Amino acid sequence: MIYLQLFFEFFKTGLFAVGGGLATLPFLKHIALKYSWFTVSQLTDMIAVSESTPGPIGINMSTYAGFHAAGLPGAVVSTLSLVLPSYIVILVVSHFMEKFRDSPLVNNIFYGIRPATAGLIAGAMFEVFVMSLFNTEALSGGSFIGFFRLLPIALYIAALVGIFKLPKLHPIVFIICGAVLGIVFGL
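Owing to the predicted nature of the structure, the values given are computational and were not obtained by experimental measurement. (Residues numbered from 1 in each chain as written. Predicted model: local features only at pLDDT ≥ 70, side-chain atom pairs only at ≥ 80, totals over all residues. Heavy atoms only, no water.)

Draft legend 1. Structural context of the overall build of the chain. The helix and strand tally for the chain stands at eight helices and zero strands. Sequence-ordered secondary structure for the chain, helices as α and strands as β, is α-α-α-α-α-α-α-α. When each of the 187 residues of the chain is scored for burial, the buried share is 26%. Taking as baseline every contact in the chain between residues at least 6 positions apart, the subset at least 24 positions apart corresponds to 48%. The centroid of the 9 positive side-chain charges in the chain is displaced by 5 Å from the centroid of its 7 negative side-chain charges. (Helix = DSSP H or I, 4+ residues; strand = E, 2+ residues; numbered from the N terminus. Buried < 20%, exposed > 50% of the residue type's maximum accessible area, 1.4 Å probe, protein only. Contact = heavy atoms within 4.5 Å. Lys, Arg positive; Asp, Glu negative; His and termini not counted. Charge placed at Lys NZ, Arg CZ, Asp CG, Glu CD.)

Here is the structure:
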């Protein structure tokens with residue numbers, strides 16, 4: 001039964017998460033709230049692992065989530081079900097694209113999808129930002145002091161300063177530094 005649930009949830013994610021891997025984040029958060037496969041806090045770990053490994057972030061995250069939920073078979077099911085909608089859509093679109101290539105309606109539809117995609121990615125980026133730097137659970141307990149995660153905020157500011165003051169450093173230097181600091185401080 002879990003494999004069917006994994007298939008259904010990640011098929012929906014693949015079908016509606018237009019714009020790449022970060023557009024899957026709202027869907028993954030919904031999955032985390034609906035099922036006990038992974039928690040919202042583990043979602044940030046999934047993002048970190050997916051961003052630091054080669055390959056598309058959406059596929060890496062679905063594989064990680066599926067593995068966390070049901071082992072290796074779950075990883076395979078979730079990954080294939082995430083990719084399947086894109087594969088089907090590409091087959092259908094390529095079949096009809098030659099006929100409608102110069103259609104103003106088709107061009108306008110593709111042009112109209114862009115703002116929605118940008119909004120999904122911006123929303124996902126904001127959620128990751130908030131989850132990483134702020135403890136939103138502290139507000140529900142009435143504690144404003146515990147709301148700010150001071151160490152991650154300080155490291156974020158240091159990284160921003162480093163990026164702007166040391167523009168000639170290769171991005172891999174910042175990625176490695178972030179990974180080391182995350183391991184050392186348990187972020």
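That was the structure; now back to the text.
Draft legend 2. Molecular detail of the environment of Ala-75. By the element assignment, Ala-75 lies in helix α4 (residues 57–100). For Ala-75, a relative accessible area of 6% puts it in the buried group. Ala-75 has contacts with Thr-63, Gly-66 and Phe-67, leaving out every residue within four places of it along the chain.

Draft legend 3. Summary view of the layout of surface pockets. Here the largest pocket is characterised by a volume of approximately 1,800 Å³. Forming the walls of the largest pocket are 43 residues, and the residues nearest its centre are Ala-48, Val-128, Ser-132, Tyr-156 and Gly-178. Residues belonging to the lining of the largest pocket are distributed by class as follows: 28 nonpolar, nine polar and six charged. Lining the second largest pocket are 26 residues, and of these Gly-14, Val-18, Ser-86, Val-89 and Ile-90 sit closest to its centre. Secondary-structure elements contributing two or more residues to the lining of the second largest pocket are α1 (2–16), α4 and α5 (104–133). Here the element with the most residues in the lining of the second largest pocket is α4; it accounts for 14 residues. Taken together, the residues of the lining of the second largest pocket break down into 19 nonpolar, seven polar and no charged. (1 Å grid on protein atoms, 1.4 Å probe; cavity = no way out; pocket = protein on both sides within 12 Å on 5 of 7 lines; lining within 4 Å. Points joined across faces, edges and corners; volume = space filled by probe spheres on them. Nonpolar A, V, L, I, M, F, W, Y, C, P; charged D, E, K, R; others polar.)

Draft legend 4. Region of the structure containing the side chain of Thr-24. In this structure, Thr-24 sits in the loop between α1 and α2 (25–34). Owing to a relative accessible area of 5%, Thr-24 belongs among the buried residues under this scheme.

Draft legend 5. Representation of the confidence of the model for the chain. On average, the chain scores 82 in pLDDT, and the residues at 70 or more come to 96%. When pLDDT is averaged over each element of the chain, α1 comes out on top at 92 and helix α6 (residues 136–140) at the bottom at 70. (pLDDT = per-residue confidence, 0-100.)

Draft legend 6. Local environment of α4. Over its 44 residues, α4 runs only 31 Å from end to end, short of the ideal 64 Å by more than 12%, given 1.5 Å per residue. Of all bends in α4, the biggest is about 145°, found at Ala-70, and the proline Pro-73 comes one to four residues later. (Expected span 1.5 Å × (residues − 1). Bend = angle between axes of the 7 residues up to and from the residue.)

Draft legend 7. Inspection of the side chain of Ser-62 at higher detail. With respect to the helices and strands, the residue Ser-62 is situated in helix α4. One polar contact links the side chain of Ser-62 to the main-chain carbonyl oxygen of Ile-59, over a distance of 2.9 Å. Those residues in contact with Ser-62 that lie beyond four places of it in its chain are Phe-10, Ser-78, Thr-79 and Leu-82. (Polar contact = N/O pair within 3.5 Å; in protein donor to acceptor, adjacent residues only side chain to side chain.)

Draft legend 8. Region of interest: helix α7 (residues 150–165). Look at α7: 22 Å from first C-alpha to last across 16 residues, which is about the 22 Å you get at 1.5 Å a residue. Where α7 is concerned, the buried positions are Pro-152, Ile-153 and Gly-162. In this structure, the buried side of α7 is in contact with α5 and α8 (171–185).

Draft legend 9. Structural detail: the nonpolar core. In this structure, Leu-25, Leu-28, Phe-38, Leu-43 and Met-61 are the most contacted members of the largest nonpolar core, which totals 20 residues. Elements with a contribution of two residues or more to this core: α1, α2, α3 (40–52), α4 and α5. Ranked by residue count, the leading element in this core is α4, at five residues. Those residues in contact with Met-61 that sit more than four places away from it in its chain are Leu-25, Leu-28, Leu-43, Met-46, Ile-47 and Ser-50. Grouped together as the second largest cluster of nonpolar side chains are five residues, Val-130, Leu-133, Phe-147 and Ile-153 included. (Core = buried A, V, L, I, M, F, W, Y, C linked by side-chain atoms within 4.5 Å.)

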